[in-house]
Structure formats: C-alpha cells, structure tokens
Amino acid sequence: MRLKITPETNTIFSSSASIIFHLIILFAILLILNEISEKSRVNPGYIQIAPDNFAEEIPAAKNKIFEKDNSKIEKINKVKRENLIAAKNNSEDMNPPHTFYNFSKMPLDTTGLDQVYHERTLNVTLKYPNGWTYIDQDVKHKLDGVTFWFEQTNIMPPPYVHLEVEDKDLFDPSRFKSTTEINGNRIYFNAPEELEGQITQTLYIRTSSDEDYSIKLIIEGKNYFDSFLPIFWGMVKSFKFGHGLF
C-alpha cells in the first residue's frame, strides 16, 4: 500500500510542524524568563543613573544642612552664655562679693593708738597701735610715703597700713564711687578689694594744700579686716599734715 501525499496533505503537515516548532520555542522562552525572574527576586541588581555633578551636589547639600544646624547651636549657646552672665550679675547684686563700708558712719577705736609718727618736711603726724613699727621713704629729702606694720602677730603676712603722698594733677574722681568729708577735706573711696584672701581698703584724701594723700590698709582675711577697721579709721582720723588739722 502506498501512501499518497497530496498537496493538501503536505500543507497540513507543514503547518502542524511549524506550530509545534513555535510552541517548543515559546516554551523554552518561558522557562528562560522564569529563571531570570527568580534570580531577580533573590538578589536584584541595580544601575544608578545620575547627572555628572550629582556627586558634588550631595556634599554641598550636607554642608548647607550642617551650617544651618551649627548656626542654630551657636545661637542657643549665645543665649545660654547671656543667661549665665545675667544670672551671675543678679547673684552679685543680691550678694556682693565685698561688703561696702560707709566711712561717714564708721565707728572709730583710738584706745590703742599710743604711738605717734611725726615727719618734718610735710609736718605729717599719724598715731599707730602698740606693737607696730614703721619705715618711711624720702624722695629728694621730702616725704614720699611711710609703711606701718604689726610685728607682734601670728597673722602672715602681717597687716600693714601705707600712707603715700599723691600727685594732685593725677587725681581722677571718677575712679571712686563714694565720698565723705572731714574738716574741709574730702575722702574718696570704693568698696574693699580682695585678692587671694588678702583684703585692701584705700582712702584718697583730697586736700587744699600742695599734696594729696592716700592711706591704704592691707590685711589677711575678712574677719581680721572687720575687727581692725575701726582702728584703721582711728588712725585716719589722727592724721595731720602741714599747719592744718585733719
């Protein structure tokens, strides 16, 4: 028996073979796509596309953010510093570091002022306590200053009082906050100063003569300062110069 292939049979066979062939190719493509899809879900890769200046724009943007943040931090720190200064000033106003002594109402103690210093060139006289000694300094045979100190004491350094002749032309009243007057002579003074536990009180005596004077007390410790201050004021009240009485 012979198989007879007609043109119609040949056409059907060719079409079937073509369909099967394309189905096989489509199936293979689906397998490949599925494999690629599975790999992408496990560890997907990426490509980043950016403009040429993108790497420069990122640091610049960060710098702007940091500058803005730093500016805010500086403003906050500035406000904190101003608040601390204001708090400190308020605290000092309520509790001043040095007690103010009003010499206009200061009590004086002259009971122990038994020794008298006298200098001839300016006719200066000053009483000073028992147990004290002094050394004076002359410039061109004229009194320049004299220092009194307590020898018989356990306080180290010992308290001392320094009298100095001042140049009238150098006087500046704006340096002093307070004044008082004794026998026509004005005394200028500020609150006492303290340095490393040593307290200093200075009185400037403005006179009508050719010379002004200053008398300074320097003593260790506030308790000693407070207890000696009436004696110091007694020494100031005993001070005489020239032909006038101070």
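Attention here is on the structure that accompanies the text. (Residues numbered from 1 in each chain as written. Predicted model: local features only at pLDDT ≥ 70, side-chain atom pairs only at ≥ 80, totals over all residues. Heavy atoms only, no water.)

## Structural notes on the environment of Lys222
By the secondary structure assignment, Lys222 is in helix H3 (residues 222-237). Looking at Lys222, the relative accessible area reads 41%, which means it is partly exposed. Once the C-alpha coordinates of Lys222 and Gln198 are considered, the two residues, 24 residues apart in sequence, prove to be 8.1 Å apart. (Helix = DSSP H or I, 4+ residues; strand = E, 2+ residues; numbered from the N terminus. Buried < 20%, exposed > 50% of the residue type's maximum accessible area, 1.4 Å probe, protein only.)

## What to know about the side chain of Gln201
Structurally, Gln201 can be placed in strand E9 (residues 198-206). Within the structure, Gln201 has its side chain in polar contact with the backbone oxygen of Asn190 (distance 3.0 Å). (Polar contact = N/O pair within 3.5 Å; in protein donor to acceptor, adjacent residues only side chain to side chain.)

## Examining the side chain of Lys168
With respect to the helices, strands and loops of the structure, Lys168 is situated in the loop between strand E5 (160-166) and strand E6 (178-182). Judged by relative accessible area, which is 19%, Lys168 ranks as buried. Here Thr207 takes part through its backbone oxygen, which lies 2.7 Å from a polar atom of the side chain of Lys168. Once residues within four sequence positions are removed from consideration, Lys168 is found in contact with Arg206, Thr207, Ser209, Asp210, Glu211 and Asp212. (Contact = heavy atoms within 4.5 Å.)

## Focus on a nonpolar patch on the surface
Nonpolar side chains collect at one region of the surface, where Ile19, Leu23 and Leu26 lie side by side and expose about 300 Å² of accessible area between them. Among the secondary structure elements, Leu26 is positioned in helix H1 (residues 7-42). (Patch = residues over 30% accessible without salt bridge, like charges linked within 9 Å, V, L, I, M, F, W, Y side chains within 5 Å. Areas by Shrake-Rupley, 256 points an atom, 1.4 Å probe, with all protein chains shown as cover. Salt bridge = Lys/Arg side-chain N within 4 Å of Asp/Glu carboxyl O.)

## With respect to the pairing of strand E4 (residues 143-150)
In terms of strand pairing, strand E3 (residues 132-138) meets E4 through seven bridges, oriented antiparallel. Residue Ile135 lies in a different strand from E4, and its bridge partner there is Thr147. Hairpin connection of E3 to E4: four residues between the antiparallel strands, including Lys140 at a positive phi of 55°. Summarising the sheet, E4 and E5 pair through five bridges and their orientation is antiparallel. (Pairing = 2+ DSSP bridges.)

## Observations concerning unusual backbone geometry
One non-glycine residue with positive phi stands out, namely Asn123, at about 55°. Among the secondary structure elements, Asn123 is positioned in the loop between strand E1 (115-119) and strand E2 (124-128). Overall, the relative accessible area of 29% leaves Asn123 in the partly exposed class. A positive phi angle, near 55°, is found at Lys140, a position not held by glycine. Along the chain, Lys140 falls in the loop between E3 and E4.

## Comments concerning the environment of Asp167
Position of Asp167 among the secondary structure elements: in the loop between E5 and E6. On the accessibility criterion, Asp167 (42% relative accessible area) is partly exposed. Along the primary structure Asp167 and Glu211 are separated by 44 residues, whereas in three dimensions their C-alpha atoms are 6.3 Å apart.

## Thoughts on the nonpolar core
Counting residues in hydrophobic clusters, the biggest one holds 33 residues, and the most contacted among them are Val124, Tyr213, Phe232 and Phe239. For this core, the secondary structure elements donating two or more residues are E2, E4, E5, strand E7 (185-189), E9, strand E10 (212-220) and H3. With seven residues, H3 is the largest single contributor of residues to this core. Apart from residues no more than four positions distant in its own chain, Val124 is found in contact with Tyr117, His118, Glu119, Leu143, Leu163, Tyr213, Phe239, Lys240 and Phe241. (Core = buried A, V, L, I, M, F, W, Y, C linked by side-chain atoms within 4.5 Å.)

## Concerning the pattern of salt bridges
Evaluation of the coordinates by the stated rule reveals five salt bridges. Put simply, Asp212 and Arg206 hold a salt bridge, and the shortest N to O gap is 2.6 Å. Residue Asp212 is classed as buried on the basis of its relative accessible area, which comes to 0%. For Arg206, a relative accessible area of 26% translates into the label partly exposed. Across the salt bridge formed by Lys222 and Asp226, the nearest N and O atoms sit 2.8 Å from each other. Of the two residues, Lys222 and Asp226 are both situated in helix H3; the distance of four residues between them amounts to about one turn of the helix. Overall, the relative accessible area of 30% leaves Asp226 in the partly exposed class. Salt bridges here are not isolated pairs; linked through shared partners, they connect Lys168, Arg206 and Asp212.

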